[in-house]
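Next come the chains, spelled out residue by residue.
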Amino acid sequence: ASALRPNLENSKFWSLRSLGSRSVLWQSAAKAIPSSPFFGSGPETAYQSLQPRLSPELYRYERLLDTPDRVHNIFLETLLTRGLLGFFALAAILGFMLFTAKKTKLKTSNARISFFALLSYFIALQFGFSVITHAVLLLGFSAVFFAESLPKKMKTLQWENIRPAFLHKIAVVV
């Protein structure tokens, strides 16, 4: 019977290393955000923003030469690297998804599956970080969700109505 019982004393199940290091990272990110509150420090700059503010306590959980390049929390990382502007864009996307789900009542199974996949993705990003594979899945599930949830008249775009506004925006950018 003892061969079938796991040894929980040395198990990673009981390890607080991951939670401890994330706690230090989150506190360091909170200290770094005020240095560039509106536009953030820029994409892929969490490493540079965190380094001057990292507490030595991090090395109670991590190896000495391991330096974090992610915050492991999508909202804090967005605030840090993209500022309030990026944070409000992320919140708007999440809010629009929740509003659409509530308004349409997720009538089809595809809408329900894609909604819960997206919701799971955002929950998982509270403790991890996104990579390109996750981004592809996010876009795929978003496409299915909105294709199944939005009314038919919103799915069909009339080029004649879009073209003047689209060309105007291109002209402003150029």
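Residues numbered from 1 in each chain as written. Predicted model: local features only at pLDDT ≥ 70, side-chain atom pairs only at ≥ 80, totals over all residues. Heavy atoms only, no water.

**Here's the deal with the overall build of the protein**
Under the convention used in this document: Helix and strand definitions follow DSSP, with helices as H or I runs of at least four residues and strands as E runs of at least two, each counted in order from the N terminus. We call a residue buried when its accessible area falls under 20% of the maximum for its residue type, exposed when it is over 50%, and partly exposed in between, using a 1.4 Å probe and counting protein chains only. The contact criterion used throughout is that any non-hydrogen atoms of two residues lie within 4.5 Å. In short, Shrake-Rupley with a 1.4 Å probe defines the accessible areas, and a residue's cover is counted only from the protein chains shown.
Looking only at helices and strands, the protein features seven helices and zero strands. Element order for the protein, N to C, with α for helix and β for strand: α-α-α-α-α-α-α. Put simply, the protein has 174 residues, and 28% of those count as buried. A sequence separation of at least 24 residues applies to 69% of the contacts in the protein between residues at least 6 apart. Only carbon and sulfur atoms are counted for the fraction: they give 67% of the accessible area of the protein, which is about 12300 Å².

**Overview of the environment of Ser120**
Inclusion rule: For the purposes of these results, a polar contact is taken to be a pair of N or O atoms within 3.5 Å, where, inside protein, one atom must be able to donate a hydrogen and its partner to accept one; residues adjacent in sequence count only when each atom of the pair is a side-chain atom.
Looking at the secondary structure, you find Ser120 in helix H4 (residues 109-124). On the basis of relative accessibility, which here comes to 43%, the residue Ser120 falls in the partly exposed class. A distance of 2.7 Å separates the side chain of Ser120 from the backbone oxygen of Phe116, its partner in a polar contact.

**Looking at the confidence of the model for the protein**
Filter applied, for reference: By definition, pLDDT measures how confident the predictor is in each residue, and it falls between 0 and 100.
Predicted confidence across the protein gives a mean pLDDT of 80, with 78% of residues reaching 70 or more. Across residues 1-9, confidence stays below pLDDT 50; counting only partners more than four residues off in sequence or on other chains, it has one contact.

**Structural notes on the pattern of salt bridges**
This is how it is decided: We define a salt bridge as a side-chain nitrogen of Lys or Arg found within 4 Å of a carboxyl oxygen belonging to Asp or Glu.
This model, assessed by the stated rule, comprises four salt bridges. The partner of Arg60 in a salt bridge is Glu57, with the nearest N and O atoms 3.6 Å apart. Across the pair Arg70 and Glu77 runs a salt bridge, and its minimum N-O distance is 3.9 Å. The two residues Arg70 and Glu77 agree in class, both being buried. Each of the salt bridges in this network shares a partner with another, and the network as a whole consists of Glu44, Arg70 and Glu77.

**What to know about a nonpolar patch on the surface**
Our working rule: Candidate patch residues must exceed 30% relative accessible area and have no salt bridge, after which like charges are joined if within 9 Å and Val, Leu, Ile, Met, Phe, Trp or Tyr side chains if within 5 Å.
Taken together, the side chains of Phe38, Phe39 and Leu85 make up a nonpolar region of the molecular surface, amounting to roughly 400 Å² of accessible area. Relative to the elements of secondary structure, Phe39 occurs in the loop between helix H1 (17-32) and helix H2 (46-50). Residue Phe39 is classed as exposed on the basis of its relative accessible area of 63%.

**What to know about the layout of surface pockets**
Threshold: The distinction between a cavity and a pocket rests on a 1 Å grid over the protein atoms alone: a 1.4 Å probe fits inside a cavity but cannot get out, while a pocket stays open yet meets protein on both sides within 12 Å along at least five of seven lines, and a residue with an atom within 4 Å of a point counts as lining. Grid points are joined across faces, edges and corners, and a volume is the space filled by probe spheres set on the points. Ten residue types, Ala, Val, Leu, Ile, Met, Phe, Trp, Tyr, Cys and Pro, are classed as nonpolar, four, Asp, Glu, Lys and Arg, as charged, and the remainder, Gly among them, as polar.
In this structure, the largest pocket encloses a volume near 580 Å³. Lining the largest pocket are 25 residues, and of these Ile74, Thr78, Leu90, Tyr121 and Ser130 sit closest to its centre. Within the residue set of the lining of the largest pocket, elements represented by two or more residues are helix H3 (74-104), H4 and helix H5 (132-149). If you tally residues by element for the lining of the largest pocket, the top one is H3, at nine residues. For the second largest pocket, the lining is made up of 14 residues, of which Ser21, Leu25, Glu62, Pro68 and His72 are closest to its centre. Here the lining of the second largest pocket is composed, by residue class, of four nonpolar, four polar and six charged.

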